[in-house]
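In case you want the letters, here they are:
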Amino acid sequence: MVAEIILNSNAKELNRVFDYNIPTNLEERIKVGSRVLVPFGNVKTLEDGFVIGIKENSEYKVKDIANVQEECINNEKIELKDISNSNLSYMLLMLNLTL
């Protein structure tokens, strides 16, 4: 399974959805709304992100999700992505304010 993730960043180049593999040991814990830690680029630190969708596979080479945080957002907040899909930075700001 592959998670569609938005990163918790204000950088414009990160203003899109990224695909990450859901490792077998995390499959039961990850759902839409989960707050996750993922590797990004060549940096050793992990980035904070939110799962906004789950699909069977990806057309890209994907990395594994590193961990799941206990904090989660609900479906009402996830629906904001449909309203504000063209402006993910704004959506991330809104999600952070609601947490």
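Analysis parameters
Within each chain, residues carry numbers counting from 1 in the order of the written sequence. Restriction of local features to residues with pLDDT of at least 70 applies here, the model being predicted, together with a cutoff of 80 or more for giving and counting side-chain atom pairs; totals for whole chains, interfaces and linings are based on all residues. Here the side-chain values reflect all heavy atoms present in the structure, with hydrogen atoms and water set aside. Secondary structure is summarised from DSSP: a helix means a run of H or I of at least four residues, a strand means a run of E of at least two, and numbering begins at the N terminus for each. For every residue, the accessible area obtained with a 1.4 Å probe (protein chains only) is divided by the maximum for its type, and the residue is called buried under 20%, exposed over 50%, and partly exposed between those limits. The criterion for an aromatic pair is that two Phe, Tyr or Trp rings (for Trp, the six-membered ring) have centres within 6.5 Å, with stacked assigned to planes under 30 degrees apart, edge-to-face to planes over 60 apart and tilted to the rest. Residues belong to a common nonpolar core when they are buried Ala, Val, Leu, Ile, Met, Phe, Trp, Tyr or Cys residues joined through side-chain atoms within 4.5 Å. Contacts: residue pairs with any heavy atoms within 4.5 Å of one another.

### With respect to the environment of glycine 41
If you trace the backbone, glycine 41 turns up in the loop between β3 (34-39) and β4 (46-55). A relative accessible area of 40% means that glycine 41 is categorised as partly exposed. Between the C-alpha atoms of glycine 41 and lysine 63, which are 22 residues apart in sequence, the distance is 9.9 Å.

### Side note on the packing of aromatic side chains
This structure, assessed with the given rule, holds one aromatic pair. Plain terms: the ring middles of phenylalanine 18 and phenylalanine 40 are 5.1 Å apart, the flat faces sit at 80 degrees to each other, and that makes the pair edge-to-face. Of this pair, phenylalanine 18 sits in strand β2 (residues 17-21) while phenylalanine 40 sits in the loop between β3 and β4, and the two are 22 residues apart along the sequence. A relative accessible area of 10% means that phenylalanine 18 is categorised as buried.

### Remarks on the nonpolar core
Counting residues in hydrophobic clusters, the biggest one holds 14 residues, and the most contacted among them are Ile5, Ile30, Val36, Val38 and Ile65. Sorting elements by how many residues they give to this core places strand β1 (residues 2-7) first, with three residues. With residues up to four places along the chain from it excluded, the contact list for isoleucine 30 reads Ile22, Val51, Ile54, Ile65 and Val68.

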